[in-house]
Amino acid sequence: VKYGKFDEAQLQANMVPSANNNSSLENPFEYSGDTIDEYTEKASLSPWTPVPDSVARKIFDSAMPGPEDVHVELGSGDGRVNFHAMEYGVGESIGIDVDEGIIQRATDRLQRIHPQPNIKFIVSDLMDAGSPAWTEHVPKATILTMYFAKEGLQKIRPMLEQALIGKQCKIYTCGYPMPGW
């Protein structure tokens, strides 16, 4: 794993780590140019932290997905959990993130795979209850995954419950339990 060195000028300019423009997973944390305030506004639910591969495998070992399953990853970042979902045989996997740059990175990675798995990546603000994330994608999920801090989970819980009323869906949160469940 390679780590970039950042000079004092970058640090003083409040530059924050985020995905770079190439589609490699080797360097997930390089400075994008966002200020702390810009990044905090964009990542209001939680800063992007990749789910460890071992955790993603445990999720899908537990979920026991099949070709009839639709997996949705909220805050998908670079799409690594979506790619794991396909390895476990889900019929479709949808990654949703607010960060256009990281969605482009995931899409670029997807484009290099042949034959193409049934994965799509969507830019959507999970804080907008009228967004396609909540009106179109989450309601069809049979397996839903997310990696948000407790505060982020509290913010999306009402929209998640509304979108999944009457549905059967296996929900996995990584790192933090859903408050109140």
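Values in this document were obtained by computation on a predicted structure and should not be read as measured data.

A. Focus on the side chain of N82. Summarising the element assignment, N82 is placed in helix α4 (residues 80-87). For N82, a relative accessible area of 0% puts it in the buried group. One polar contact links N82 to S93, side chain to side chain, over a distance of 2.9 Å. If we ignore the near neighbours within four places in the chain, the residues touching N82 are H71, E73, S76, S93, I94, G95, I119 and F121.

B. Seen up close, the sheet that holds strand β4 (residues 92-97). Pairing is parallel in the open sheet, where five strands are placed in the order β5-β4-β3-β6-β7. The two strands at the open ends of the sheet, each matched to only one other strand, are β5 (119-123) and β7 (170-173). Taken over all neighbouring pairs, the strand axes of this sheet differ in orientation by 15 degrees on average, direction set aside. Note that strand β6 (residues 143-146) and β7 share four bridges and pair parallel. Paired with T145 across the strands is Y172, a residue of β7. α4 rests against β3 (70-74), β4, β5 and β6 of the sheet, and its axis sits at about 175 degrees to β4. Against the sheet, helix α5 (residues 100-111) engages β4 and β5, with an angle of about 165 degrees to β5.

C. Molecular detail of the confidence of the model for the protein chain. Looking at the protein chain as a whole, its pLDDT mean stands at 81, while 73% of the residues score no less than 70. Taken together, the stretch residues 1-31 has pLDDT below 50 and engages in 55 contacts with residues farther than four places along the chain or on a different chain.

D. The arrangement of the pattern of salt bridges in detail. Tallied over the full model, the rule gives four salt bridges. D78 is paired through a salt bridge with R80; the nearest N and O atoms lie 2.6 Å apart. Of the two residues, D78 and R80, neither departs from the other in class, the shared state being buried. Here R157 makes a salt bridge to E161, at a shortest N to O gap of 2.8 Å. You can see R157 and its partner E161 sitting in helix α7 (residues 150-163), four residues apart, about one turn around the helix. The structure contains a network of salt bridges with shared partners spanning E92, K120 and K140.

E. Seen up close, α7. If you check α7, its first and last C-alpha atoms are 20 Å apart, about what 14 residues at 1.5 Å a residue would give, namely 20 Å. By the largest-angle criterion, I156 marks the main kink of α7, which is about 45 degrees, and a proline, P158, follows within four residues. Elements in contact with the buried residues of α7: β3, α6 (132-137), β6 and β7.

Conventions and cut-offs
Residues numbered from 1 in each chain as written. Predicted model: local features only at pLDDT ≥ 70, side-chain atom pairs only at ≥ 80, totals over all residues. Heavy atoms only, no water. Helix = DSSP H or I, 4+ residues; strand = E, 2+ residues; numbered from the N terminus. Buried < 20%, exposed > 50% of the residue type's maximum accessible area, 1.4 Å probe, protein only. Polar contact = N/O pair within 3.5 Å; in protein donor to acceptor, adjacent residues only side chain to side chain. Contact = heavy atoms within 4.5 Å. Pairing = 2+ DSSP bridges. Axes fitted to C-alpha atoms, helices over the stretch in contact; angles between N-to-C directions. pLDDT = per-residue confidence, 0-100. Salt bridge = Lys/Arg side-chain N within 4 Å of Asp/Glu carboxyl O. Expected span 1.5 Å × (residues − 1). Bend = angle between axes of the 7 residues up to and from the residue.

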